Amino acid sequence: MASTPGGSGGIDALAVEARRFPPPAAFVREALVRDASLHEEGRRDPVAYWARHARELLDWSTPFTRTLEWEAPFARWFSDGRLNASYNCVDRHVLAGRGDRVAIHWEGEPGDVRTVTYAELHADVQRFANVLLRLGVRKGDRVNVYLPMIPEAVVAMLACARIGAAHSVVFGGFSAQALADRINDARAKVLVTADGGWRRGEVFPLKPQADVAVASTPTIEHVVVVRRGGNPVEMTPGRDVWWHEAMADAPAECPAEPMEAEHLLFLLYTSGTTGKPKGIMHTTGGYLAHVATTFRYVFDHHPDRDVYWCTADVGWVTGHSYIVYGPLANGATQVIYEGVPNHPGNDRLWSLVAKYGVTIFYTAPTAIRTFMKWGTQEPAKHDLSSLRLIGSVGEPINPEAWIWYHEHIGGGRCPVVDTWWQTETGGIMISPLPGATVTKPGSATHPVPGVGAEVVDESGTPVARGGGYLTLTTPWPGMLRGVWGDEQRYRDTYWSRFPGRYFAGDGAKLDDDGYLWLLGRVDDVMNVSGHRISTTEVESALVSHPAVAEAAVVGANDATTGQAIIAYVTLRGGQRVGEADLRAHVATEIGAIAKPKTIYFTPDLPKTRSGKIMRRLLRDVAEGRNLGDTTTLADASVVDELQRRAHETPAED
Ligand code: WT7
């Protein structure tokens with residue numbers, strides 16, 4: 001769990017970012033929120049704020065009269081109301097005459113396209129709900145989904161919601177073992193998968209992996225297989241069915257069954273390289289209210305004109321909340337792309353922005369830094385003038401990446417929303433509202449309306465400025481309802497470190513203007529000679545050097561200083577810089593105490609398949625430990641190479 005480095009001053013807030021970006025006048029003119037009124041409403045009465053939005057943005061078959069029941073740490077939201085999530089995401093738009101609106105502009109990696117209207121989505125969701133019913137799935141069951149980024153993933157999730165089965169989506173990059181563990185923990189009845197999907201110009205097989213998994217999952221009764229990759233697969237008679245055959249046989253109509261607001265909508269397992277994965281539980285009414293409201297205001301969504309694109313995979317919470325439920329509840333038109341950003345060229349994403357006239361673009365800092373590495377000529381090849389808002393999620397965005405994103409993708413005219421949240425929070429918690437908030441590059445700014453957040457010190461006392469631990473102070477509708485099958489773990493992980501507060505596991509600081517700066521997980525916070533230094537701030541400093549594309553910093557145990565700063569650095573193409581120069585650069589940017597002890601230059605950083613840098617693993621390398629299971633890595637050879645170098649390079653003293 002959280003490390004508790006010594007020193008009483010909290011995390012030393014070393015970097016100072018002075019640039020300010022007020023919302024551009026042209027943006028404010030059309031924005032849904034232009035002033036502080038929504039924040040004020042949320043502050044006055046957060047419960048009433050959420051009740052209003054749950055009523056205004058969702059359709060209830062039984063309106064709720066109770067908004068919040070809070071017996072810490074267990075919340076029930078809108079508990080006497082009933083609604084159906086798939087009805088809210090699909091049916092009501094069709095019933096309102098918007099069936100012809102495009103829900104999904106889908107683009108396969110090889111360049112094949114599909115356009116799915118709300119009416120077509122409605123038809124597919126109903127049919128697939130009937131397929132699930134015929135396969136014996138009932139309200140209260142779990143269905144596992146292991147698919148590439150194809151429209152069937154959205155259909156499968158909404159079909160589950162329609163009949164009250166909880167989905168448990170497992171990212172297609174996970175191994176058979178990881179899939180089996182998650183299926184067994186959830187005790188899922190049906191698995192929905194595909195033969196394979198396209199990635200980097202090749203078909204990656206899913207069904208063969210699923211077969212290995214299902215060999216050790218006694219609860220799975222049927223496997224539904226979408227044909228996508230065209231790769232050969234074995235079908236087990238009686239167990240396996242083709243999606244297209246089952247759909248052709250299924251009745252066209254399946255009414256959406258009203259669910260209790262607190263009915264389980266889905267499980268989503270948080271990945272980790274050690275320990276048993278946690279099945280995070282999200283329920284129907286509160287989650288949907290949270291993601292619908294935040295989608296609308298954080299992305300300033302105008303359903304008639306916006307084309308939205310979130311580059312996440314549905315296997316992560318970002319895909320659940322801001323590809324499926326948030327956008328569809330708002331009747332959005334969005335782009336979904338199957339493949340990697342550099343196939344066939346490094347400009348694939350920008351060609352899609354131009355092709356579909358994307359207006360709102362949401363991606364991750366790790367992707368942005370990769371785009372930086374590829375160079376400005378790639379976005380410059382395309383007309384990106386349709387964009388009006390760009391967002392970031394997943395890790396702290398360093399100011400240099402923020403500025404690059406703002407200039408080279410946003411054309412200097414788009415507000416940037418840096419959105420902090422977690423699998424556990426369900427939806428966005430800390431973010432600018434783009435028409436109302438003056439942004440600072442690298443700061444997620446303030447809690448969104450209706451959310452309470454405070455930075456506290458070791459003892460749980462709120463700090464007015466400076467560093468500490470990020471906590472959430474009031475229940476919010478999208479909050480996790482628990483860890484599947486492990487109530488104690490829910491209490492221990494989130495509610496025991498600071499009594500009465502939700503502990504997010506992140507370090508944060510409040511600057512003199514009350515802006516929040518996320519500093520990464522607290523176990524990524526280093527303690528060097530009694531100074532607490534955030535890995536993020538050192539990384540930011542390294543990345544601000546013109547030769548550096550990407551950097552990861554870890555604190556490695558050190559007999560003299562407690563921890564020593566070890567940096568792994570990837571240079572931009574064709575650039576060179578010496579270790580001494582980079583150390584001096586960090587000293588200039590932050591101060592001598594933040595100078596890395598050792599810098600390893602590496603062509604690539606080890607990342608999870610979701611793109612997070614594996615700092616724990618880098619710490620193991622830095623401390624000379626034997627590495628355990630590295631199968632969740634996108635490219636395990638990166639680590640072998642780093643280990644080889646670590647043995648060769650004597651640490652500096
Ligand atoms: C952790 C949650 C939220 C969806 C994707 C990740 C980090 C997330 C930010 C941000 C700084 C961020 C935090 C958080 N994180 N967004 N804007 N700024 N850090 O979901 O896998 O549950 O990870 O991601 O450390 O705790 P997740």
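Here the structure is a predicted model, which is why all the values come from computation and not from measurement.

### Examining the overall build of the protein chain
Next up, step 1: Of regular secondary structure, the protein chain possesses 20 helices and 30 strands.
Next up, step 2: The C-alpha atoms of the protein chain give 24 Å as radius of gyration, which agrees with the globular expectation for 653 residues (26 Å, within 12%).
Next up, step 3: With respect to the three principal axes, the spread of C-alpha positions in the protein chain is 70 × 55 × 50 Å.
Next up, step 4: A burial count over the protein chain gives 62% of its 653 residues as buried.
Next up, step 5: The long-range share in the protein chain, meaning contacts at least 24 apart out of those at least 6 apart in sequence, stands at 72%.
Next up, step 6: A total accessible area of about 23600 Å² is found for the protein chain, and carbon and sulfur atoms account for 50% of it.
Next up, step 7: Where the 65 positive side-chain charges of the protein chain centre and where its 77 negative ones centre are 2 Å apart.

### Section: the pairing of strand β19 (residues 389–393)
Next up, step 1: In terms of burial, β19 is a largely internal element, five of the five residues being buried.
Next up, step 2: Covered by surrounding structure in β19 are Leu-389, Gly-391 and Val-393 together with Ile-390 and Ser-392, the residues of both alternating faces.
Next up, step 3: Inspection of the sheet shows strand β18 (residues 360–363) paired to β19 by four bridges, in the parallel sense. Directly across from Ile-360, in β19, lies its bridge partner Leu-389.
Next up, step 4: With four bridges connecting them, β19 and strand β20 (residues 416–419) associate as parallel partners. Bridge pairing in β20 places Val-393 opposite Thr-419.

### Description of the nonpolar core
Next up, step 1: Core analysis: the largest hydrophobic core is formed by 137 residues, its most contacted members being Leu-121, Phe-128, Leu-158, Phe-299 and Tyr-325.
Next up, step 2: Counting residues per element, this core draws most heavily on helix α6 (residues 151–163), which supplies 10 residues.
Next up, step 3: In terms of nonpolar packing, the next biggest core, distinct from the first, is built from 28 residues, Leu-349, Ile-397, Trp-402 and Cys-414 among them.

### Section: the sheet that holds strand β4 (residues 102–107)
Next up, step 1: Pairing is mixed in the open sheet, where seven strands are placed in the order β5-β4-β17-β16-β18-β19-β20. Every interior strand has two partners, whereas the edge strands, β5 (113–117) and β20, have only one. The mean angle between the axes of side-by-side strands here comes to 20 degrees, regardless of whether they run parallel or antiparallel.
Next up, step 2: Strands in contact with helix α15 (residues 399–409) are β18, β19 and β20; relative to β19, the strand with the most contacts, it is inclined by about 150 degrees.

### So, the site of the ligand
Next up, step 1: Of all residues adjacent to the ligand, which total 16 residues, the nearest are Asp-418, Thr-419, Thr-423, Asp-506 and Arg-521.
Next up, step 2: Taking Pro-396, its main chain carries an N or O atom lying 3.4 Å from a nitrogen atom of the ligand.
Next up, step 3: In the environment of the ligand, an oxygen atom lies 2.7 Å from a nitrogen or oxygen atom belonging to the side chain of Asp-506.
Next up, step 4: Elements supplying a minimum of two residues to the shell around the ligand: α11 (317–329), β20 and β25 (516–521).
Next up, step 5: Class assignment for the residues of the shell around the ligand results in six nonpolar, five polar and five charged.

### Notes on the packing of helix α7 (residues 176–186) against helix α8 (residues 207–214)
Next up, step 1: Two elements in contact, α7 and α8, have axes whose closest approach is 8 Å; the angle formed by their N-to-C orientations is 50 degrees. Taken together, the axes of α7 and α8 are oblique relative to one another. Along this stretch, α7 crosses α8, giving a crossing that reads as right-handed. Residue-level inspection shows Ala-176, Leu-179 and Ala-180 of α7 in contact with α8, the latter providing Gln-209, Ala-210, Val-212 and Ala-213.

### Some remarks on α15
Next up, step 1: Extensive coverage of α15 is indicated by the burial of eight of its 11 residues.
Next up, step 2: All buried positions along α15 are accounted for by Pro-399, Ala-401, Trp-402, Ile-403, Trp-404, Tyr-405, His-406 and Ile-409.

### A few points about the packing of α6 against α11
Next up, step 1: The contact between α6 and α11 brings their axes to 11 Å, and the two run at 60 degrees. Here α6 lies oblique to α11, going by the angle between them. Crossing geometry of α6 relative to α11 is assigned as right-handed. From α6, Val-154, Met-157, Leu-158 and Ala-161 reach across to α11, where they touch His-320, Val-324, Tyr-325 and Leu-328.
Next up, step 2: Among the residues forming the contact of α6 with α11, the class breakdown is seven nonpolar, one polar and no charged.

### What to know about the environment of Val-448
Next up, step 1: Take Val-448: it is sitting in the loop between β20 and β21 (453–456).
Next up, step 2: Its relative accessible area of 3% is what places Val-448 among the buried residues.

### Quick notes on the pattern of salt bridges
Next up, step 1: Evaluated as defined, the whole model comprises 35 salt bridges.
Next up, step 2: The residue Asp-91 makes a salt bridge to Arg-162 at a minimum N-O spacing of 2.8 Å. With a gap of 71 residues between them, Asp-91 in helix α4 (residues 85–98) and Arg-162 in helix α6 connect regions that are remote in the sequence.
Next up, step 3: The exposure class assigned to Arg-162 is buried, which follows from its relative accessible area of 1%.
Next up, step 4: Of the charged contacts, one joins Asp-240 and Lys-207 as a salt bridge, the two residues approaching to 2.8 Å between their closest N and O atoms. Of this pair, Asp-240 sits in strand β12 (residues 240–242) while Lys-207 sits in helix α8, placing them 33 residues apart in sequence.

### Here we look at the environment of Arg-497
Next up, step 1: Tracing the chain through its elements places Arg-497 in the loop between α16 (487–495) and β24 (502–510).
Next up, step 2: Distance from Arg-497 to Arg-609, taken between C-alpha atoms, is 30 Å for residues 112 residues apart in sequence.
Next up, step 3: Reaching out from Arg-497, the side chain makes a polar contact with the side chain of Glu-458 at a distance of 3.1 Å.

### Some details on the side chain of Arg-228
Next up, step 1: One can find Arg-228 in the loop between β11 (222–226) and β12.
Next up, step 2: Judged by its relative accessible area of 16%, Arg-228 is buried.
Next up, step 3: Ignoring sequence-local partners within four residues, the contact set of Arg-228 consists of Trp-106, Gly-108, Glu-109, Pro-110, Asp-112, Pro-148, Ile-150, Asp-195, Gly-196, Gly-197, Trp-198 and Glu-338.

### Structural notes on the sheet that holds strand β22 (residues 466–472)
Next up, step 1: Strand order in the open sheet formed by four strands is β21-β22-β24-β25, with antiparallel pairing between adjacent strands. The open sheet has two edge strands with one neighbour each: β21 and β25. Direction aside, neighbouring strands of the sheet carry axes that sit 45 degrees apart on average.
Next up, step 2: Alignment of β24 against β25, held across four bridges, turns out to be antiparallel.

### A closer look at the pairing of strand β7 (residues 166–169)
Next up, step 1: Side chains Ala-166 and Ser-168 project from β7 onto one buried face, and the interleaved His-167 and Val-169 project onto a second face that is buried too.
Next up, step 2: As defined by bridge partners, strand β6 (residues 142–146) adjoins β7 across four bridges and the pair is classed as parallel. Bridged to Val-145 within β7 is Val-169.
Next up, step 3: In this fold, the crossover linking β6 to β7 by way of α6 has right-handed handedness.
Next up, step 4: Summarising the sheet, β7 and strand β14 (residues 264–270) pair through two bridges and their orientation is parallel. Within the sheet, the bridge partner assigned to His-167 lies in β14 and is Phe-266.

Reading guide: rules and limits
- Residues numbered from 1 in each chain as written.
- Predicted model: local features only at pLDDT ≥ 70, side-chain atom pairs only at ≥ 80, totals over all residues.
- Heavy atoms only, no water.
- Helix = DSSP H or I, 4+ residues; strand = E, 2+ residues; numbered from the N terminus.
- Rg over C-alpha atoms; globule rule 2.2 N^0.38 Å.
- Buried < 20%, exposed > 50% of the residue type's maximum accessible area, 1.4 Å probe, protein only.
- Contact = heavy atoms within 4.5 Å.
- Areas by Shrake-Rupley, 256 points an atom, 1.4 Å probe, with all protein chains shown as cover.
- Lys, Arg positive; Asp, Glu negative; His and termini not counted.
- Charge placed at Lys NZ, Arg CZ, Asp CG, Glu CD.
- Pairing = 2+ DSSP bridges.
- Core = buried A, V, L, I, M, F, W, Y, C linked by side-chain atoms within 4.5 Å.
- Axes fitted to C-alpha atoms, helices over the stretch in contact; angles between N-to-C directions.
- Near = heavy atom within 4 Å.
- Polar contact = N/O pair within 3.5 Å; in protein donor to acceptor, adjacent residues only side chain to side chain.
- Nonpolar A, V, L, I, M, F, W, Y, C, P; charged D, E, K, R; others polar.
- Parallel < 35°, antiparallel > 145°, perpendicular 65-115°, else oblique.
- Left-handed = near helix turned anticlockwise from the far one by under 90°.
- Salt bridge = Lys/Arg side-chain N within 4 Å of Asp/Glu carboxyl O.
- Right-handed = clockwise from strand over helix to strand, strands pointing away.

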